[in-house]
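# Structure assessment
What follows is the residue order along each chain.
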Amino acid sequence: MLYNLAIVIYDFIVHLAAPFSRKPRKMMKGHWVVYELLRQQVEKGEQYIWFHAASLGEFEQGRPLIEMIRAKYPAYKILLTFFSPSGYEVRKHYRGADIVCYLPFDKPRNVRKFLDITNPCMAFFIKYEFWKNYLDELHKRRIPVYSVSSIFRRDQVFFKWYGGTYRNVLKDFDHLFVQNEASKRYLSKIGILRVTVVEDTRFDRVLQIREEAKDLPLVEKFKGNNAFTFVAGSSWGPDEDLFLEYFNNHPEMKLIIAPHVIDENHLVEIIGKLKRPYVRYTRADEKNVLKADCLIIDCFGLLSSIYRYGEIAYIGGGFGVGIHNTLEAAVYGIPVIFGPKYQKFMEAVELLEAKGAYSIKDYEELKSLLDRFQTDKDFLDETGKNAGYYVTSKSGATEKIMNMINF
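Conventions used here
- The numbers attached to residues start from 1 for each chain and follow its sequence in the written order.
- The predicted origin of the model limits local features to residues at a pLDDT of at least 70 and limits the giving and counting of side-chain atom pairs to 80 or more, whereas totals for whole chains, interfaces and linings rest on all residues.
- For side-chain calculations, the full set of non-hydrogen atoms in the structure is used, while hydrogens and water are omitted.
- UniProt positions are given in the numbering used here, feature names are shortened, and annotations may be inferred rather than shown by experiment.
- Two aromatic rings, drawn from Phe, Tyr or Trp (for Trp, its six-membered ring), form a pair once their centres lie within 6.5 Å of each other, and the interplanar angle then sorts them: stacked below 30 degrees, edge-to-face above 60, tilted otherwise.
- Helix and strand definitions follow DSSP, with helices as H or I runs of at least four residues and strands as E runs of at least two, each counted in order from the N terminus.
- Each residue's exposure class comes from its accessible area (1.4 Å probe, protein chains only) as a fraction of the maximum for that residue type: buried when under 20%, exposed when over 50%, partly exposed otherwise.
- Each domain's limits were defined by an automated method or a database of domain assignments.
- By definition, residues are in contact when any of their heavy atoms lie within 4.5 Å.
- As a working definition, buried area equals the accessible area (1.4 Å probe) given up by two parts on being put together, with both sides summed.
- By definition, a salt bridge exists where a carboxyl oxygen of Asp or Glu is found within 4 Å of a side-chain nitrogen of Lys or Arg.
- Two strands are said to pair when DSSP picks up at least two bridges between them.
- Note on handedness: a crossover is taken as right-handed if, strands pointing away from the viewer, the path from the first strand over the helix to the second is clockwise.
- Helix axes use the C-alpha atoms of the stretch in contact, all axes being lines fitted to C-alpha atoms, and the angles between their N-to-C directions lie in the range 0 to 180 degrees.
- By definition in this entry, angles of less than 35 degrees are roughly parallel, angles greater than 145 are roughly antiparallel, angles of 65 to 115 are roughly perpendicular, and the rest are oblique.
- When the near helix sits turned anticlockwise from the far one by under a right angle, the crossing is termed left-handed; a clockwise turn instead gives a right-handed crossing.

- For the protein, an unreviewed UniProt entry supplies the name 3-deoxy-D-manno-octulosonic acid transferase and the organism Bacteroides finegoldii.
- Its UniProt record gives the protein the following Subcellular location (unreviewed entry) comment, quoted word for word: "Cell membrane".

### Things to note about the packing of aromatic side chains
- Following the criterion strictly, the structure yields 31 aromatic pairs and no others.
- On the basis of an interplanar angle of 20° and a centroid distance of 4.4 Å, the ring pair of Tyr-73 and Phe-407 is categorised as stacked. On the criterion of sequence distance, the pair formed by Tyr-73 in the loop between helix H3 (56–72) and strand S2 (77–82) and Phe-407 in the segment after helix H19 (397–404) is long-range, its members being 334 residues apart.
- For Tyr-73, a relative accessible area of 32% corresponds to the partly exposed category.
- Residues Tyr-88 and Tyr-102 carry aromatic rings whose centres are separated by 4.4 Å and whose planes lie at 35° to one another, so their mutual orientation is tilted.

### Some words on the domain arrangement of the protein
- What the domain assignment reports for the protein is domain 1 (1–205 + 396–403) and domain 2 (209–394).
- Here the C-alpha centre of domain 2 lies 33 Å away from the C-alpha centre of domain 1.
- On the side of domain 2, eight residues touch domain 1, which itself brings ten residues to the contact.
- Summing the contributions of domain 1 and of domain 2, the shared interface buries around 920 Å²; its carbon and sulfur component is 54%.
- The tally of links from domain 1 across to domain 2 stands at three salt bridges.
- Two residues, Arg-205 and Glu-212, come together in a salt bridge whose shortest N-O distance is 3.9 Å.

### Focus on the pairing of strand S8 (residues 229–235)
- Of all seven residues in S8, seven are buried; the element is thus mostly enclosed.
- Examined bridge by bridge, S8 and strand S9 (residues 254–259) share six bridges and lie parallel to one another. Counted as the bridge partner of Thr-229 is Lys-254 from S9.
- Handedness of the crossover is the feature at issue here: the chain leaves S8, passes through helix H11 (residues 237–248), returns alongside S9, and the resulting connection is right-handed.
- Two elements, S8 and strand S12 (residues 312–315), share four bridges in a ladder whose sense is parallel.

### With respect to the packing of helix H1 (residues 2–17) against helix H2 (residues 22–41)
- In the contact formed by H1 and H2, the axes pass within 8 Å of each other and the chain directions differ by 115°. Taken together, the axis directions place H1 and H2 in an arrangement best described as roughly perpendicular. In the packing of H1 onto H2, the handedness of the crossing is left-handed. Residues Asp-11, Val-14, His-15 and Ala-17 of H1 pack against Pro-24, Met-27, Met-28 and Trp-32 of H2.

### Quick notes on the UniProt feature "domain: 3-deoxy-D-manno-octulosonic-acid transferase N-terminal" (unreviewed entry) in the protein
- Per the UniProt record, "domain: 3-deoxy-D-manno-octulosonic-acid transferase N-terminal" (unreviewed entry) is found at residues 43–204.
- For residues 43–204, helix accounts for 40% and strand for 21%, while the C-alpha atoms at its two ends are 31 Å apart.

### Focus on the sheet that holds S9
- Spatial ordering of the open sheet is given by S10-S11-S9-S8-S12-S13-S14, a layout of seven strands whose pairing is parallel. Edge positions in the open sheet fall to strand S10 (278–280) and strand S14 (357–359), since each of these has one partner strand only. Between one strand and the next, the sheet's axes are offset by a mean angle of 20°, whatever the strand orientation.
- The strands touched by helix H17 (residues 363–375) are S8, S12, strand S13 (336–338) and S14; relative to S13, the strand with the most contacts, the crossing angle is about 170°.

### Let's talk about the sheet that holds strand S7 (residues 195–197)
- Strand order in the open sheet made by the seven strands is S3-S2-S1-S4-S5-S6-S7, with parallel pairing throughout. Looking at which strands have only one partner, the edges of the open sheet turn out to be strand S3 (99–102) and S7. The mean inter-strand angle of the sheet, taken between neighbouring strand axes irrespective of direction, is 20°.
- The pairing of strand S1 (residues 48–53) with strand S4 (residues 122–126) spans four bridges and is classified as parallel. Paired with Phe-51 across the strands is Phe-124, a residue of S4.
- Contacting S1, S2, S4 and strand S5 (145–150), H3 runs over the sheet at an angle of about 165° to S1.

### Side note on the environment of Phe-319
- Positionally, Phe-319 belongs in the loop between S12 and helix H15 (327–330).
- Counting along the chain gives 23 residues from Phe-319 to Tyr-342, while the straight-line C-alpha distance between them is 9.2 Å.
- Setting aside residues up to four positions removed in sequence, Phe-319 forms contacts with Pro-238, Asp-239, Leu-242, Tyr-314, Gly-339, Pro-340, Lys-341, Ile-360 and Lys-361.

### Side note on the UniProt feature "active site" (unreviewed entry) in the protein
- UniProt tags Glu-58 as "active site" (unreviewed entry).
- Relative to the helices and strands, Glu-58 is located in helix H3.
- Judged by relative accessible area, which is 17%, Glu-58 ranks as buried.
- Not counting residues up to four positions away in its chain, the partners in contact with Glu-58 are Ala-53, Ile-126 and Lys-127.

### Here's the deal with helix H9 (residues 201–211)
- With respect to burial, H9 is a largely interior element, eight of its eleven residues being buried.
- Among the residues of H9, Thr-201, Arg-202, Phe-203, Asp-204, Arg-205, Val-206, Leu-207 and Ile-209 are the ones counted as buried.

Shown next, in the form of structure tokens:
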């Protein structure tokens, strides 16, 4: 079968790449120990609910559901698996799960071995996870399996004339909780009817993040009484070229940059473009932060808390492969700006429609927009209000899913 052959080839490529690349090497090390780890940690007689996330973003979507189950049904144990090292390495010590490990490659023998050891009482696959052999075997064993926060588009393989095998995989799900009506319509056309539109659990997650936001005294001191602080999150070079030019020419403005890539070369590149005083966060103290007009966040884990200190947020990536997380900024009720490549991100499209965000394609558009935000406080406040309302109005997916699951 072509699917199984593709999995074998992928496994072979990862093995080949492991000696030369850190990411495949970490993945292989995790796979080598996964069954022994499971044998040691799975407690006999306990009921495990299995969550699978490809990477960190999908985990964040599933997290509200994990934590609500944990709170309401503490008798269940949680098994959390990742496909990507970028998810596993960051969340391998996540306390909301009893066991965290890699998911073995989707080969029939691996699948049977994994399920024989773990024997979950139900399973949740987050967003785009459609592993055929796992889903077939779960269905065969009559283990309920659900798709959470999934979204479907007309160009996906499920809806092609040659996509019969993949369409059958969707029949393995006991229920699919999808993000929008379009997904439900596409699935209905191919006979998949156990579908409910619940929106996206990410909205619940960003509201959680807002509630848990860290107090950052140095950032607060940097901002001071400034009424025009611009936060640029997950920025890349082309983004920085635009907003740094504006910043350099507007002394009334303060800037916080949290670049997507934090390495010395990129930080030096940013510093080289600055014409005003700056300080790096890891080198900031209560004195030098007061002398800086730009604060460069040269560490991870702070961005979602930093947005609260801004009057405006810029989300990077829109001049490359696509924008990063807009919701983490919008949840604070501030206007959101991003580049022209946003069409694949439904929340960005909807934020634009809600007039809580604006897309720009060049410096002139950014300058015009920021000038207006500075001079028209009603426009600034209304845009921010629209952004915040958009997020809160979309929340509640987790509760809807919980109400439809039989525990």
